[in-house]
Amino acid sequence: MAEPAVIHLTDVSPSDKPWDLLKARADRVAELFRVDPDLSQYSDRVLDCSRWLRFSLAPTAETDECGTFRHKLTDARFCRVNLCPVCSWRKQLAWRGRFFKAVPKIREAYPTARWLFVTLTVANVPIGELGSAIANMNTAWNRLRNRKTWPALGYFRALEVTRETQRPDFAHPHFHAMLLVPASYFSGQNYLKQAQWREMWRESLRASYEPSVNVKAVKPKAVNPDDPNSDGLTEAVLSTLAYHVKGAKSSNLYDDPEWFNELFKQMRRVRTVSVGGALRDHIREDEPEDLIHLEDVPDEPDNDDVAFWYQWRRDISRYTMRD
């Protein structure tokens, strides 16, 4: 009797490829935790994270015409360990969902406002000093937004930490933020040039060096009133939040167990996403708890009678369908 065919998650749903990639990286993180006796307790939690996935079928935009459906995650168990690649990815999606769910109300409240995409850096620091460096950055951010020249009505900010290539013992922390500014910001004396932003950030840091600062207006990508993403927001938000999880995806973070474990210790209690000003009226700031149901996806009917279970196969680094 022939063996039943092995069906993988990506065979059925190619768009779910990130599950294989990030779960494999989570297995690597579990190995790194096991090296440090102080962190070995997290190893089993990460190994067990998203070991089983349950999907149902949900309609796509083309369902009526083509009869197509997509996989919709309906059950999984997440470890919620900081720097777990799977959980970082799901949090990214949850934050993205919150933002886009709030966009219509933000537009209604501030119909003429525009967006800036801002990157603020500091000097690289030894990995053992990362926690204090991030604390200083947060203090400097508060000084910056309390300045009289601060132009934003509200902000949506994320922290990125990467590893320096030339000096592997150093970390590179920096902020990426989206600022909601009034239309008047772009006219007359209200407009701030790059050099002015740099000086404001340097003074807020109380630094003796010139930090790197980049400020760009979020511009429409296309003139299409029927396209909700034509104002360029999607790309800017994805850039902001991709940076939030980029550290969890960068391969060089996993080369050195000692460096990675110190990164975990330094960031254990760090909030990586912050919402402030007028945006607090529209975007929740608490850490996402539900990593299954994403807020930017409307409540659509799904065929929960047809469930697909996938188990993680560590030996082949793929999710495989189970009865």
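Let me sum up the structure you'll find in this document.

Reading guide: rules and limits
Residues numbered from 1 in each chain as written. Predicted model: local features only at pLDDT ≥ 70, side-chain atom pairs only at ≥ 80, totals over all residues. Heavy atoms only, no water. Core = buried A, V, L, I, M, F, W, Y, C linked by side-chain atoms within 4.5 Å. Buried < 20%, exposed > 50% of the residue type's maximum accessible area, 1.4 Å probe, protein only. Contact = heavy atoms within 4.5 Å. Axes fitted to C-alpha atoms, helices over the stretch in contact; angles between N-to-C directions. Helix = DSSP H or I, 4+ residues; strand = E, 2+ residues; numbered from the N terminus. Parallel < 35°, antiparallel > 145°, perpendicular 65-115°, else oblique. Left-handed = near helix turned anticlockwise from the far one by under 90°. Nonpolar A, V, L, I, M, F, W, Y, C, P; charged D, E, K, R; others polar. Disulfide = S-S within 2.5 Å.

## What to know about the nonpolar core
Residues Trp-19, Phe-78, Leu-179, Trp-197 and Leu-263 are the most contacted members of the largest nonpolar core, which totals 70 residues. For Phe-78, the contacting residues outside a window of four places in its chain are Trp-19, Cys-49, Ser-50, Leu-73, Val-86, Cys-87, Arg-90, Leu-291 and Ile-292. Counting residues in each nonpolar core, the second largest holds 20 residues, with Trp-95, Ala-102, Ala-158 and Ala-236 among its members.

## Overview of the packing of helix H6 (residues 130-145) against helix H7 (residues 194-205)
Each pair of packed helices gets described by two things: the angle between the helix axes and the distance between those axes. One can describe the packing of H6 onto H7 by two numbers: an axis separation of 8 Å at closest approach and a directional angle of 125°. In terms of orientation, H6 lies oblique with respect to H7. For the element pair H6 and H7, the recorded crossing hand is right-handed. Where H6 approaches H7, its residues Met-137, Ala-140, Trp-141, Arg-143 and Leu-144 are matched on the opposing element by Met-200, Trp-201, Ser-204 and Leu-205. Looking at the contact of H6 with H7 residue by residue, the class counts come to 7 nonpolar, 1 polar and 1 charged.

## Some details on the state of the cysteines
Under the criterion given, the structure shown has 0 disulfides. With no disulfide of its own, Cys-49 has Cys-79 as its nearest cysteine by sulfur position, at a separation of 3.7 Å. The class for Cys-49 is buried, based on a relative accessible area of 1%. Cys-84 supplies the cysteine sulfur nearest to Cys-79, a cysteine that is in no disulfide, at a spacing of 3.6 Å. You can call Cys-79 buried: its relative accessible area is 8%.

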